[in-house]
Amino acid sequence: MNDPQQPRLTPIDEWEDEAEAMLDGVEYDTELGLRMARDAIRVSNGELSDAEFHEKYHEEILEEFGEDERPTKPEGFDDD
């Protein structure tokens, strides 16, 4: 999955603190957002596929938002 030609994305040390501060007071699950952000970095680094990312969070997205309309839905994914 890793492509040596692509630079590895490494977040700054305080990114989670900044993200928590930005999300403070929103009505949605901040921890879900932070976990998804961590895994989005893993997708960017080739450590997790788009399909794995989509499937990993599908049920939690449905629970949080009532629908899952993310553009990461893999072809043929059965979300029923």
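Residues numbered from 1 in each chain as written. Predicted model: local features only at pLDDT ≥ 70, side-chain atom pairs only at ≥ 80, totals over all residues. Heavy atoms only, no water.

## Topic: the overall build of the protein
For the protein, the count of helices and strands is three helices and zero strands. Going residue by residue from the N terminus, the α and β elements of the protein occur as α-α-α. Within the protein, residue pairs in contact and separated by at least 24 positions form 39% of the contacts whose partners lie at least 6 positions apart. Total accessible area computed for the protein in this model is approximately 6,100 Å², and 46% of it derives from carbon and sulfur atoms. (Helix = DSSP H or I, 4+ residues; strand = E, 2+ residues; numbered from the N terminus. Contact = heavy atoms within 4.5 Å. Areas by Shrake-Rupley, 256 points an atom, 1.4 Å probe, with all protein chains shown as cover.)

## Here we look at the nonpolar core
Ranked by size, the top nonpolar core spans six residues in total: L32, M36, L48, F53, Y57 and I61. Going through the elements one at a time, α2 (30-44) and α3 (50-65) are the ones with two or more residues in this core. With three residues, the top contributor of residues to this core is α3. (Core = buried A, V, L, I, M, F, W, Y, C linked by side-chain atoms within 4.5 Å. Buried < 20%, exposed > 50% of the residue type's maximum accessible area, 1.4 Å probe, protein only.)

## Observations regarding a nonpolar patch on the surface
Together, V26, Y28 and F65 line one region of the surface with nonpolar side chains, adding up to about 280 Å² of accessible area. Positionally, Y28 belongs in the loop between α1 (15-23) and α2. (Patch = residues over 30% accessible without salt bridge, like charges linked within 9 Å, V, L, I, M, F, W, Y side chains within 5 Å. Salt bridge = Lys/Arg side-chain N within 4 Å of Asp/Glu carboxyl O.)

## Remarks on the environment of G46
Position of G46 relative to the elements: it lies in the loop between α2 and α3. By relative accessible area, which is 14% here, G46 ends up buried. Between the C-alpha atoms of G46 and R8, which are 38 residues apart in sequence, the distance is 8.8 Å.

## Some remarks on a negative patch on the surface
The grouping of D13, E14, D17, E18, E20 and D24 at the surface amounts to a negative patch. Relative to the helices and strands, D24 is located in the loop between α1 and α2. (Lys, Arg positive; Asp, Glu negative; His and termini not counted. Charge placed at Lys NZ, Arg CZ, Asp CG, Glu CD.)

## Concerning the pattern of salt bridges
Tallied over the entire structure, the rule returns seven salt bridges. Of the charged contacts in the structure, one is a salt bridge between R38 and E31, with a shortest N-O distance of 3.7 Å. Judged by relative accessible area, which is 40%, E31 ranks as partly exposed. Measuring nitrogen to oxygen at the nearest pair gives 2.6 Å for the salt bridge that ties R35 to E60. You can see R35 sitting in helix α2 and its partner E60 sitting in helix α3, a full 25 residues away along the chain. With a relative accessible area of 26%, R35 lands in the partly exposed category. Connected through salt bridges with shared partners, the residues D39, R42, E47 and K56 form a single ionic network.

Any functional reading would require information beyond the geometric quantities listed.
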